Every structure is written in structure tokens, then in C-alpha cells.
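Residue-level structural notes
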Amino acid sequence: MPAMPTTDRPRFSAALAFLVAGGVWFLVAGLYGLAGAVHLMAPEFFNNIPWLVFGRTRPVHVNTMLFGFVAGSLMGAALHYVPALLRAKLWSPRLAWVSFWLWQAAVLSGPVTFAFGITQAREYTEYIWPVDVCVVLAVGTLIVNLLMTLARRGESGLYVSVWYVVGAMLWTAALYPIGNIMWRPQTGAVPGILDSIILWFYGHNVVGLLLTPLALAAVYFIVPRITKTPLYSHTLSLIGFFSLAAIYSHIGGHHILQAPIPNWLRTLSVVDSVAMIVPVTVVLVNVWMTARGRLGMLWNDPAGRFILVGTFWYLITCVQGPLQSLPSVQKVTHFTNWTIGHAHIAVLGFAGFIAIGALWHVVPNLTGRRIYSRRLISLQFGLAMFGLVGFFLVLTAAGLVQGQAWQRGETVYRALPSIAPYMILRAMLGVSILASAAVGLYNLLMTVHRGEPIENTLAQEVQA
Ligand code: HEM
Ligand code: HEM
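None of the values given here were measured: they were computed from a predicted structure. (Residues numbered from 1 in each chain as written. Chains lettered and ligands numbered in written order. Predicted model: local features only at pLDDT ≥ 70, side-chain atom pairs only at ≥ 80, totals over all residues. Heavy atoms only, no water.)

Looking at the iron atom of ligand 1, the protein donor atoms are H61 (NE2) and H344 (NE2), and they sit 2.0 Å from it. Taken together, the six donor atoms surrounding the iron atom of ligand 1 define angles of 86 to 179° at the centre, an arrangement classified as octahedral. Here H61 is found in helix α2 (residues 54–85), whereas its partner H344 is found in helix α13 (residues 337–367), with 283 residues between them in sequence. (Donors = N, O, S within 2.8 Å, 3.2 Å for Na, K, Ca; no water. Tetrahedral: all angles 85-135°; square planar, octahedral: opposite > 155°, others 65-115°. Helix = DSSP H or I, 4+ residues; strand = E, 2+ residues; numbered from the N terminus.)

Looking now at the coordination of the iron atom of ligand 2. Among protein atoms, the single one acting as a donor to the iron atom of ligand 2 is H342 (NE2), 2.2 Å away. Secondary-structure assignment places H342 in helix α13.

A few words on the nonpolar core. Within the largest apolar cluster, 135 residues are counted, with the highest numbers of intra-cluster contacts made by F67, Y81, W103, Y164, M169 and F353. At 18 residues, helix α6 (residues 193–227) tops the list of elements feeding residues into this core. In contact with F353, not counting residues within four places along its chain, are F306, V309, G310, W313, L348, F381, A384, M385 and L388. (Core = buried A, V, L, I, M, F, W, Y, C linked by side-chain atoms within 4.5 Å. Buried < 20%, exposed > 50% of the residue type's maximum accessible area, 1.4 Å probe, protein only. Contact = heavy atoms within 4.5 Å.)

Around ligand 2 sit 25 residues in total, of which E123, Y124, Y248, H334 and H342 are the nearest. Within the side chain of Y124, an N or O atom sits 2.9 Å from an oxygen atom of ligand 2. Within the side chain of H342, a nitrogen or oxygen atom sits 3.0 Å from a nitrogen atom of ligand 2. If you list the elements that add at least two residues to the shell around ligand 2, you get α6, α11 (302–325) and α13. For the shell around ligand 2, the leading source of residues is α11, giving seven residues. Among the residues forming the shell around ligand 2, the class breakdown is twelve nonpolar, twelve polar and one charged. (Near = heavy atom within 4 Å. Polar contact = N/O pair within 3.5 Å; in protein donor to acceptor, adjacent residues only side chain to side chain. Nonpolar A, V, L, I, M, F, W, Y, C, P; charged D, E, K, R; others polar.)

One non-glycine residue, N48, lies in positive phi territory at about 60°. Along the chain, the position of N48 falls in the loop between α1 (14–41) and α2. A residue is classified by how much of its surface remains accessible, and N48, at 55% relative accessible area, is exposed. Residues other than glycine seldom take positive phi values, yet A121 does so here, at roughly 60°. When you line up the elements, A121 lands in the loop between α3 (93–115) and α4 (129–151). Classification of A121 by relative accessible area gives exposed; the value is 63%.

Here the focus is helix α5 (residues 160–179). For α5, which comprises 20 residues, the first-to-last C-alpha distance of 27 Å matches the rise-based estimate of 28 Å (1.5 Å per residue) to within 8%. By the largest-angle criterion, T172 marks the main kink of α5, which is about 25°. Looking at the residues trailing α5, positive phi occurs at I181, about 40°. (Expected span 1.5 Å × (residues − 1). Bend = angle between axes of the 7 residues up to and from the residue.)

Here you go:
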């Protein structure tokens, strides 16, 4: 079973800083999401205040959630457990701080630059060139730190979580400059349809080869620890890792099936989207078989509950994903809120829930303090679940209403009134997710400052 490092006197590490910042970004990005939802409900509400118009709040919401909250928190947790799995100290805590500040500078640039309309205006690659440089340097420094830690490890076997974390960083180091067309700083784009193909190769892989491996790494680390059982199968874990890389990496074309992309790319994207059933099944079988007969232990653990439910959201996401990759389905669902529903169950339900679970699992070790309030974690969970289930139902329904309207040849303008009630419900449900973020951040800050110190003997129990 993966072990935890012994912390003599926990200090405020870069790992903890990533997690605290992740909690702050969850709240900030949630506020921008709510602003966007209010705009879609009542377009005149903000009376055209430039920095609150939808075209500006949306990219802030999306980038800050993806890079600030989800990826940032998962990287913070990884900075803690990867050295533990390698039975080594992190090579350079100082370099980890450099990565931290570069990453946070990039995330902070979103609300600042997008508010003034300074953006590359391509979805998921809105950050401007100097910010891209920060991201690449942050990832590069993390890679150096991880590889040097690997080189000095005391453990010969490489547990699958290490594969996923290092893989995620290496893939992102390659993908980010390509997706952001960094060799063309003025535009961050190339002309024509090629731009869409490259963009969606990258956009798809931000979730597929950054968020997914980081989230799965945390699941593989935490589930055996909470259930106190060894991993069901190391062979399956590696099959899951390599099949993700082999199948998920090149199917971004399923985002632009309606565009004039080459037929071979369209076919490849659809066929391999369906083939995603392989890595997803392999991972879920492995994780659930590990927890077999001990699901109660996961459910009753504050971190474990987020992780367990995150794996169920992964299943739902990855049943819906291949389905909506089929051209006959996408003819109805594309360009509608159906996709927005998928995005939320994927990024919040799967990767986000696992990020929150990972946070609560590692924070006692990082701080040497007990969690301030387990009841507040239950409240955080309930609020997030309520909001997310609601989002999924409301956005899927709205998407189907829109899809039917497109099929009948309605114009966007005439279809809008029919989705107005769904937009009102979505904004209301957003308040629940926002409250969840606020409760979580409060509990985290209280844990860091006021959490009851874990006595030595007890600390060892927690770490065992
Ligand atoms: C506070 C509650 C939230 C509200 C009110 C909200 C609202 C919104 C809105 C209005 C959009 C734009 C939809 C459109 O273009 O029509 C959006 C997009 C998005 N949101 Fe949220 N959101 C919330 C929470 C979250 C969370 C917690 C995450 C992830 C952790 C998230 C991830 C995303 C993503 C990835 C998109 C892009 C979806 C796409 O382009 O398909 N949101 N959200
Ligand atoms: C079996 C795996 C999956 C498949 C086959 C799949 C398929 C798809 C497809 C076809 C779309 C585009 C729908 C459209 O535009 O009409 C989409 C959108 C999206 N997916 Fe997935 N998905 C999968 C898993 C995931 C996972 C694990 C995540 C997150 C960690 C994710 C996050 C997203 C997001 C954020 C979007 C919205 C992109 C946008 O338009 O802005 N998906 N997915």
C-alpha cells in the first residue's frame, strides 16, 4: 500500500500552496461562472459592463477552473505523494515554489487580461503568449523536479500514480506549445481549418492528458490507502495507462465533426472515441475491485467519498462521451447545452471531485493538523452534488430542446425563449456549487490555521 512520508515539522510547502490556491480559484472561477450564467439568464443584468460581458467572463471561468482549481490542486497533491511513493524527498522544494508562482501568475493573468479583452480568442488557448511562456516554464520546472526525484528514489518499482503524474507533465509540455501555436506569438493561430484541428487536438488533450491522468493518479494512490488493501492489479493499471495514451491522444476531431475536416480524421476520431471503453473499463474495474467489499470505508471517509463519487462521474462522463461522438447523436447535441452538461460532470464531477478528495486526504499530512471540520466536508459534498446533478439534468434537457429546434430549422433567436427556464435553474444551481467552494475554502483555511495539531503517535497512525 502506498506510504506517506514522515513529516517532522510540517512547513508551508509548495504542495500546500497549490492546494490553498486551488481552493481560492474554485471560488473565483465559480463567481465568474455565475456571472456568465446570469448573463445567459438576463442579458441586460450587468448593463453591458465591459469586463462582465459573457465573452469575457466565460474564458475566465473556464481557464481558471481548469488550470487554477482542478489542475493546480491535483498537481499540489501530486507534489506531496509522488516523493512518498518513490521513498525520496522532493528534489528541490525551492524549484517547486518557482513552479508554483509561475503557474499562479498564469492563472491570475486570466481575470486580468481577459477583462480588458486581451486574449488569443481561441477556446482553451485564450492565454496570451507571455502567459504561455509562464505555463511552459511551470511545467518544465515541475518535470525537472519530478525526474530528479525519480533519479534519487529509494523505491525500485514505479507505482502507477507516478507513471500518470510524470506522463501528464511530459504530455502537457509537448501539447501546450503546439496547441497554443507558440511559434507565432502575434496571433497564436495558423490559417484555415488546420487551426481548428490543432486547437481541438490540444483542447481535448488538456482534459484527456492533463486532468484525466492527474485525477487517476490520485485515485490509485488514495483508494488502496483508505480501504487498507493492495491494488487489485498492477498489470491492469499499466494497461489502463498505455491504452489511455494510445487511444485518447488523437480523437480531438470529435469536437469538430461538423467542420470540413478530412474524412480519415473524422472516422478515426469516432472509432477511437468508442474504443475509449477499453481504458475507462480497465481503470474502473481495477479501482472498484480494489475497494470491493469496502465501499463503506470509502463512503465514510471525507476524502474517500469525493473520490468514490468522482469515479462514478467518470463512468457517466465516459458513457456519454462515446455516445455524443457518434455523428447521428451529435447532429442533435452539438452547439447546445448538452455539451456544457458533459463538460461540468467531467471537469467538476470527475476531475474536480477527485481534486477535492485528494486535497482532504493529503492536507492533514501537509499541515500536521487534523481537519477542522468533517461535517463541513459533508456539507461541501452535499452542496456540490446537489448543484452538479441539477446542472447535468437541466443542461441536458436544455440541450435536447435546442437540438430539436435546430432539427426543425429554427433560428437561434426563436429557440432562445424555450430554454429560458433552464437558464434560470442553472444560475440558481450555480449558487449551490459556489457555496460548496466557499465552505471548502473556509474549512481548508481553518484547518491550516486552527486545526488541532496531530500528536506524534497519532501522526504516525495517520501516516502509516
Ligand atoms: C459556480 C457554479 C458554476 C456556474 C454557474 C457555471 C456556469 C458556466 C457557464 C455559464 C458556462 C458557459 C456555458 C456556455 O458557453 O453556454 C460554463 C462553462 C464551463 N464551465 Fe462552468 N459553471 C460553474 C461551475 C463550474 C465548475 C466547478 C467547473 C469545473 C470544475 C466548470 C467548468 C466549466 C467548463 C469546462 C466550461 C466550458 C464548457 C464548454 O465549453 O463546453 N464550471 N460554466
Ligand atoms: C470516453 C471518454 C470521452 C469521450 C469519448 C468524450 C467525448 C466528447 C465529445 C465528442 C465532446 C464534444 C461534443 C460536442 O461538441 O458536440 C466532448 C466535449 C467535452 N469533453 Fe468529453 N469525452 C470523454 C471524456 C471526457 C473527460 C474525462 C473529460 C474531463 C476530464 C471531458 C471533458 C470535456 C469537455 C470540457 C468538453 C467540452 C469542450 C468544449 O466544447 O468546450 N470529456 N467530449
